[in-house]
Amino acid sequence: MLITAAVPALAQQNTIRFGVTNIQPHSSAGDFSGNGPAAFTPPGSSLYVRDKTTAFFSYSREINDNWDVELALGVPPTHDVILKVNTANPALNAAFNGQKGATVQQIAPTLFANYKFLEKSSAFRPFVGVGINYTRFGQYNVTDAGNQLNCGGGAIPGCGPSSLSMSDSWGLALQAGATYKFTKEWSMTVSVATAQVKSTITTNTPTAVGNIQRNADIKFNPVALTIAAGYSF
């Protein structure tokens, strides 16, 4: 009888959430450096990554009345990579600056430990969370503009097409938000999250004088704005 009575007290609530999230990468990258002649990789060539909105889902499990563990996921978004060209060649700048140089998909599962304020019985509960983020990049596609820039606007003989890759990243993640419960089962959550994300971009371009490899370090200070409906059981 004692064991039976204790089971409800020990039961831990599970919550699944589905919604949308807007990812603002806030990227900053250094100039590309290359292994070929300096003229093939002129100083002033860089890039940035555009925002993207995608579907969001997460699963959380209570540890106690104030703490839960949440795995935040989503449909992997594909971001546009925009060229920043400010070299000593005005013609190159005019032709390629602001053009889409590539697309890249990112997968970024994040595990949070969340602390929820107020009593468990409260309909409205703010929360803060800390965790770890893993970001993996893939599904790369270099556009015609990206290939042409890598070939010096057609100045490099026997050039292209280029390939692209980015290294994975692990980093600290933080979030804050609030949940409002409409019923025992149904709720709505809004949150803002960020994470430490760093990567190295590598492009490889075959030419008549050999393969040119270019590298640039890129740092992200992402902000993810999310709104999601939740079901608890």
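Residues numbered from 1 in each chain as written. Predicted model: local features only at pLDDT ≥ 70, side-chain atom pairs only at ≥ 80, totals over all residues. Heavy atoms only, no water.

1. Some remarks on the nonpolar core
Part 1 of the reasoning: Counting residues in each nonpolar core, the largest one holds 22 residues, and the members touching the most others are Leu47, Val81, Phe137, Met166, Ile201, Ile218 and Phe220.
Part 2 of the reasoning: Listed by contribution, the elements that provide at least two residues to this core are strand E4 (45-49), strand E8 (100-107), strand E10 (124-142), strand E11 (163-166), strand E13 (186-195), strand E14 (197-205) and strand E15 (212-220).
Part 3 of the reasoning: When residues of this core are assigned to their parent elements, the largest contribution, three residues, is made by E15.
Part 4 of the reasoning: In this structure, Ile218 is in contact with Ser27, Ser28, Ala29, Leu47, Val49, Met166, Val197, Lys198, Ser199 and Ile201, ignoring residues within four places of it in sequence. (Core = buried A, V, L, I, M, F, W, Y, C linked by side-chain atoms within 4.5 Å. Buried < 20%, exposed > 50% of the residue type's maximum accessible area, 1.4 Å probe, protein only. Helix = DSSP H or I, 4+ residues; strand = E, 2+ residues; numbered from the N terminus. Contact = heavy atoms within 4.5 Å.)

2. As for the pairing of strand E7 (residues 78-85)
Part 1 of the reasoning: The pairing of E4 with E7 spans five bridges and is classified as antiparallel. Its bridge partner lying in E7, Val49 is registered against Val81.
Part 2 of the reasoning: Two strands pair when backbone bridges link them, and E7 and E8 are joined in this way by five bridges, in the antiparallel orientation. When the bridges of E8 are listed, His79 appears paired with Val104. (Pairing = 2+ DSSP bridges.)

3. Here we look at the confidence of the model for the protein chain
Part 1 of the reasoning: The pLDDT averaged across the protein chain works out to 92; a share of 95% of its residues lies at or above 70.
Part 2 of the reasoning: Here residues 1-10 is a poorly scored stretch, pLDDT under 50, and it has zero contacts once near neighbours within four places are set aside; other chains count. (pLDDT = per-residue confidence, 0-100.)

4. As for unusual backbone geometry
Part 1 of the reasoning: Cis geometry is found at the peptide bond from Gly160 to Pro161, where omega equals -5°.
Part 2 of the reasoning: Relative to the assigned elements, Pro161 resides in the loop between helix H3 (144-150) and E11.
Part 3 of the reasoning: Unusually for a residue other than glycine, His26 sits at a positive phi of about 45°.
Part 4 of the reasoning: Looking at where His26 falls in the secondary structure, it is placed in the loop between strand E1 (14-24) and strand E2 (27-29).
Part 5 of the reasoning: Despite not being glycine, Gln139 has its phi angle at roughly 50°, a positive value.
Part 6 of the reasoning: In this structure, Gln139 sits in strand E10.
Part 7 of the reasoning: The exposure class of Gln139 is exposed, given its relative accessible area of 62%.

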